Amino acid sequence: MHVLVTGGAGYIGSHACKALAQAGFAPVAFDNLSKGRSGAVQWGPLEVGDLSDRARLDEVFSTYRPVAVMHFAAAIEVGESMTDPGKYWRNNFIGSLTLAEAAVAAECLNLVFSSTCAVYDGNTEADLTEDSPFGPINAYGGSKRATEMMLGDFEAAHRLKTIIFRYFNVAGAAPGAGIGQSHANPTHIIPRLLIALEGGTGHMTINGDDYPTPDGTCVRDYIHVTDLVEAHIGGLKRLLDGGSGGSYNLGTGQGASVRQVIEAAGDLVGHMPQIQIGPRRPGDAVRLVSGSEKAHLDLGWVPQSSDLETILADAWDWHKSRGWLA
Ligand SMILES: NC(=O)c1ccc[n+]([C@@H]2O[C@H](COP(=O)([O-])OP(=O)(O)OC[C@H]3O[C@@H](n4cnc5c(N)ncnc54)[C@H](O)[C@@H]3O)[C@@H](O)[C@H]2O)c1
Ligand SMILES: O=c1ccn([C@@H]2O[C@H](COP(=O)(O)OP(=O)(O)O[C@H]3O[C@H](CO)[C@@H](O)[C@H](O)[C@H]3O)[C@@H](O)[C@H]2O)c(=O)[nH]1
């Protein structure tokens, strides 16, 4: 059973391919390699192509006749989305629309979509459930929320069943698998921190320490990538067994501030980076922590490796092993 994995050469998509293969599916990665790398595609073929290229999508659907799509391909940087919103609306929203139309035309009517907690109102201090108010405060979250709405309309009109997963902050790496967060110039806190601790820059800038949080820095809910992709396998099986779609938060319910993440990484490695306080990053939410049990109740999903120490240790092991990458 082929599953088309858009963004399959990227960080989470490559982990999903690994989990799909382990669960007995045949993943087919579809990626334009703008951020992904071909070396991360180890569990099935790589089809190079862009979401905007409908003819290329049609060709890939026709070749593999996938039973489902896992849709990870997107531009993902919150800060960039505030300075270049068009890139986000074009790639994430128009790209997803093109993909959904191709899937319906190919009668591939099961889709798992990578959404984000950035669809919620990030200025609230409350834990977030699937019923929390929307209010994307950045263009990235806006492009994801619009895609969710589009997919809802496609489900009603075209029977394209969709499971929407709203991830909190994904981190870590599958131990020993040769895949992890490998952007050339990472913006995410954990890869940047590991580069700093390794001696690459030696310093870490905190993007604002005057937020209304206990230590003044932004709070996030970090989820291990191996736990995250297991939820996708559960969601996919539910769709293929005839179950309904739905929306699910994927987080742990535990918040960690930027300072706490830096201190935990310093404890792991045995020394602290030099810390500088910079300005707030446009589009940053104050606090994003999941308050939901829905994925546990509906899908039986329980994170196994998502304590911050394990996440950082696995990310650090990946970071040290990836010297051969650009
Ligand atoms: N990393 C996180 O913490 C996080 C949190 C919430 C949601 N997400 C979502 O998870 C998904 C995967 O994120 P990731 O962290 O693996 O990012 P990533 O950049 O590593 O992976 C995205 C992949 O999509 C590919 N891609 C981008 N645009 C494309 C296009 N138009 N056509 C074909 N391929 C394209 C890139 O080359 C890359 O390999 C994204 O949809 C992202 O919004 C990530
Ligand atoms: O050098 C750095 C890097 C990051 N941060 C801060 O660390 C926090 C986390 O930032 P980052 O790791 O970039 O993640 P987010 O901006 O929270 O976004 C990630 O997590 C979102 C869910 O919260 C996803 O939707 C996005 O795709 C994903 O990029 C934010 O407050 C950043 O401002 C710093 O202070 N210094």
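Residues numbered from 1 in each chain as written. Chains lettered and ligands numbered in written order. Predicted model: local features only at pLDDT ≥ 70, side-chain atom pairs only at ≥ 80, totals over all residues.

(A) Main features of the nonpolar core. Grouped together as the largest cluster of nonpolar side chains are 96 residues, with contacts concentrated most on Val 5 and Leu 193. Looking at this core, the element that brings in the most residues is helix α7 (residues 225-240), giving seven residues. If sequence neighbours within four positions are ignored, Leu 193 has contacts with Met 204, Val 261, Ile 262, Ala 265 and Pro 273. (Core = buried A, V, L, I, M, F, W, Y, C linked by C-beta atoms within 7 Å. Buried ≥ 20, exposed ≤ 12 C-beta atoms within 10 Å, placed from the backbone. Helix = DSSP H or I, 4+ residues; strand = E, 2+ residues; numbered from the N terminus. Contact = placed C-beta atoms within 7 Å.)

(B) Inspection of the sheet that holds strand β4 (residues 68-71) at higher detail. Pairing is parallel in the open sheet, where seven strands are placed in the order β3-β2-β1-β4-β5-β6-β11. Edge strands, defined here as strands with exactly one partner in the open sheet, are β3 (46-48) and β11 (246-250). Here the strands of the sheet are splayed against their neighbours by 20 degrees on average, with no regard to which way each runs. With five bridges connecting them, strand β1 (residues 2-6) and strand β2 (residues 26-31) associate as parallel partners. Residue His 2 lies in a different strand from β2, and its bridge partner there is Ala 26. On the sheet, helix α2 (residues 54-64) packs against β1, β2 and β3 and is oriented at approximately 155 degrees with respect to β1. (Pairing = 2+ DSSP bridges. Axes fitted to C-alpha atoms, helices over the stretch in contact; angles between N-to-C directions.)

(C) Representation of the domain arrangement of the protein in the model. With domains assigned, the protein is organised as domain 1 (2-171 + 222-250) and domain 2 (173-221 + 253-291 + 301-321). Look at where the C-alpha atoms of domain 1 and domain 2 centre, and you get two points 23 Å apart. Residue-level contacts link 35 residues of domain 1 with 34 residues of domain 2. Of all the secondary-structure elements, those providing two or more residues to the side of domain 1 that touches domain 2 are α1 (11-22), α3 (78-83), β7 (169-171), β10 (222-224) and α7. The element that contributes the greatest number of residues to the side of domain 1 that touches domain 2 is α7, accounting for six residues. (Domains from an automatic or database assignment.)

(D) Representation of the site of ligand 2 within the structure. Not every one of the 21 residues close to ligand 2 is listed here, only the nearest: Thr 116, His 188, Ile 189, Asn 207 and Cys 218. When contributions to the shell around ligand 2 are tallied by element, the ones reaching two or more residues are α6 (189-198) and β8 (203-207). For the shell around ligand 2, the element with the most residues is β8, which contributes three residues. Looking at side-chain class alone, the shell around ligand 2 contains 10 nonpolar, six polar and five charged residues. Counting residues domain by domain, the shell around ligand 2 receives three or more from each of domain 1 (2-171 + 222-250) and domain 2 (173-221 + 253-291 + 301-321). (Near = placed C-beta within 6 Å. Nonpolar A, V, L, I, M, F, W, Y, C, P; charged D, E, K, R; others polar.)

(E) Focus on α2. For α2, the set of buried residues is Leu 57, Val 60 and Phe 61. The buried side chains of α2 occupy one side of the element, clustering within an arc of 100 degrees when seen end-on. Residues of α2 that are exposed and angled more than 90 degrees away from the buried face: Ala 55, Ser 62 and Thr 63. Along its buried surface, α2 packs onto β1, β2, β3 and α4 (85-105). Taken from the residues just after α2, Arg 65 is the one with a positive phi, measuring 45 degrees. (Arc of directions from axis to C-beta.)

(F) Just the site of ligand 1, in detail. Of all residues adjacent to ligand 1, which total 26 residues, the nearest are Gly 7, Gly 10, Gly 36, Ala 74 and Tyr 167. When contributions to the shell around ligand 1 are tallied by element, the ones reaching two or more residues are α1, α4, β5 (110-116) and β7. The biggest single contributor to the shell around ligand 1 is α1, with three residues. The residue makeup of the shell around ligand 1, split by class, is 11 nonpolar, 12 polar and three charged.

(G) Representation of the sheet that holds strand β14 (residues 287-288) within the structure. Taken in spatial order, the three strands of this open sheet run β12-β9-β14, and their pairing is mixed. The open sheet has two edge strands, β12 (256-257) and β14, and neither has a second partner. Relative to β14, strand β9 (residues 219-220) runs parallel, the two sharing two bridges. When the bridges of β14 are listed, Arg 220 appears paired with Leu 288.

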